[in-house]
Amino acid sequence: MLAADVTVKGNIAAEVDLHLDGRVEGDVACATLVQGPGSVIKGAVIAQTARLSGTVEGSIAVKELVVLASARISGDVSYETLTIEQGGQVDGRLSHGTHTTAIGHFGDGPKVELIASN
């Protein structure tokens, strides 16, 4: 979980679920992404499932996507299943197709690894 007062500059790759209330300036890849309404992502999102209620400025590739009423997405979206609540905004191309996962692969940029522990 990244709290509302956290800003990450760099990519995040996690093989676990991620709850994001803060700001990320980089790409986000995880199993499941839950984005809070005040959250901002400036970069690509790759996940199996994503429930977005904040702002995303970048492409999205997911198997299952839920865009909540407060969400503002600016970028192309690739999905297998899609739900958009009334009021949710997507400014980009929607593409239905087979989802391919590339968790942790974003090129040579800086990356933040999240490791779950008990």
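What you see is a predicted model; the values in this text were computed from it and never measured.

(A) Representation of the pattern of salt bridges. Summed over all chains, the structure comprises 2 salt bridges. The partner of E25 in a salt bridge is R23, and the shortest N-O contact between them spans 3.1 Å. For E25, a relative accessible area of 31% puts it in the partly exposed group. In this structure R23 comes out as partly exposed when scored by relative accessible area, which is 27%.

(B) Focus on the side chain of S53. Note on placement: S53 falls in the loop between β7 (45-52) and β8 (55-57). The contacts of S53, once residues within four sequence positions are left out, are Q35, G36, P37, L68, S70 and A71.

(C) Seen up close, the sheet that holds strand β1 (residues 7-9). Taken in spatial order, the 6 strands make up an open sheet running β1-β4-β6-β8-β10-β13, and their pairing is parallel. The outermost strands of the open sheet, each flanked by one partner alone, are β1 and β13 (89-91).

(D) Molecular detail of the nonpolar core. Counting 24 residues, the largest nonpolar core has L33, L52 and I60 as the members making the most contacts within it. Sorting the residues of this core by element identifies β3 (18-20), β5 (28-35), β7, β9 (60-67) and β11 (77-79) as the ones contributing at least two each. Here L52 is in contact with L33, Q35, I60, L65, V66, V67, L68, A71 and I73, once residues within four sequence places are set aside.

(E) How the structure looks around the pairing of β9. Bridge analysis of β7 against β9 gives 7 bridges, and the strand direction is parallel. Of the residues in β9, the one forming a bridge with V45 is I60. One ladder, built from 2 bridges, connects β9 with β11; its direction is parallel. Residue pairing across strands places I60 opposite V77, the latter belonging to β11. Of the strand pairs in this sheet, β9 and strand β12 (residues 81-84) are connected by 4 bridges, and their pairing is parallel. Bridged to L65 within β12 is L82.

Scoring rules and cut-offs
Sequence order as written defines residue numbering, which begins from 1 separately in each chain. Since the coordinates come from a predicted model, pLDDT governs what is reported: local features require at least 70, and pairs of side-chain atoms require 80 or more to be given and counted, while whole-chain, interface and lining totals use all residues. To get the side-chain values, all heavy atoms of the structure are used, and hydrogens and water are removed first. Any carboxyl oxygen of Asp or Glu within 4 Å of a side-chain nitrogen of Lys or Arg constitutes a salt bridge here. Each residue is placed in one exposure class: buried if its accessible area under a 1.4 Å probe, protein chains only, is under 20% of its type's maximum, exposed if it is over 50%, and partly exposed if it falls in between. We count a stretch as a helix when DSSP gives it H or I for four or more residues in a row; a strand needs E for two or more, and each element gets its number in order from the N terminus. Contacts are assigned to residue pairs with any non-hydrogen atoms lying within 4.5 Å of each other. Whether two strands pair comes down to DSSP finding at least two bridges between them. Put simply, buried Ala, Val, Leu, Ile, Met, Phe, Trp, Tyr and Cys residues joined by side-chain atoms within 4.5 Å make one nonpolar core.

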